[in-house]
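Structural overview for review
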Amino acid sequence: MASLSELQRMMDRLYGDRDRKRGPERTLLWLVSEVAEVAEVLIKGKASGSSYEDELADALAWLLSFSNLVGVDLESAFMRRYGSGCPRCKRIPCVCPER
Ligand SMILES: [Mg+2]
Ligand SMILES: [Zn+2]
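This is a predicted model, so every value here is computed, not measured.

The next point concerns the packing of aromatic side chains. Evaluated as defined, the whole model comprises two aromatic pairs. Ring geometry for Trp-30 and Trp-62: centres 5.3 Å apart, planes at 10°, overall stacked. Here Trp-62 lies in helix α2 (residues 52-69) and Trp-30 lies in helix α1 (residues 4-44), a separation of 32 residues in the sequence. The class for Trp-30 is partly exposed, based on a relative accessible area of 42%.

Spelled out as structure tokens, the structure:
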């Protein structure tokens, strides 16, 4: 099973050249549109012609591409921010007021 860092490096091998040509602004737009496709599965279900599996994988792929472009190792960043509890209350599980 690949780690998130390995998946991020896989995305760089797959699409790094194209991602750098496209740049962070347009790559972020693709990420947003893939997240919208996840919402479409939630709203339309099977009628969307897609699945959570496919659309969440697409959204993660674009998130990792964007992370490559802005020089963030997402696994390290995620663990720094969430690895020792909620970033706000520092507890596991979170005890912040619900929002
Ligand atoms: Mg998609
Ligand atoms: Zn919290």
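Following the structure, the description resumes.
The next thing to look at is the pattern of salt bridges. Tallying each qualifying case throughout the model produces four salt bridges. For Arg-20, the salt bridge identified is with Asp-12, shortest N-O distance 3.2 Å. Taking relative accessible area as the criterion, Asp-12 reaches 31% and is therefore assigned partly exposed. Between Glu-40 and Lys-44 there is a salt bridge, and its shortest N-O distance comes to 3.2 Å. With Glu-40 and Lys-44 both in helix α1 and four residues apart, the pair spans about one turn of that helix. Since its relative accessible area comes to 32%, Glu-40 is described here as partly exposed. Residue classification places Lys-44 among the partly exposed residues on the basis of a relative accessible area of 46%.

Rules behind the numbers
- Residues numbered from 1 in each chain as written.
- Chains lettered and ligands numbered in written order.
- Predicted model: local features only at pLDDT ≥ 70, side-chain atom pairs only at ≥ 80, totals over all residues.
- Heavy atoms only, no water.
- Phe/Tyr/Trp six-rings, centres within 6.5 Å; stacked < 30°, edge-to-face > 60°.
- Helix = DSSP H or I, 4+ residues; strand = E, 2+ residues; numbered from the N terminus.
- Buried < 20%, exposed > 50% of the residue type's maximum accessible area, 1.4 Å probe, protein only.
- Salt bridge = Lys/Arg side-chain N within 4 Å of Asp/Glu carboxyl O.

None of this, on its own, says anything about what the molecule does.
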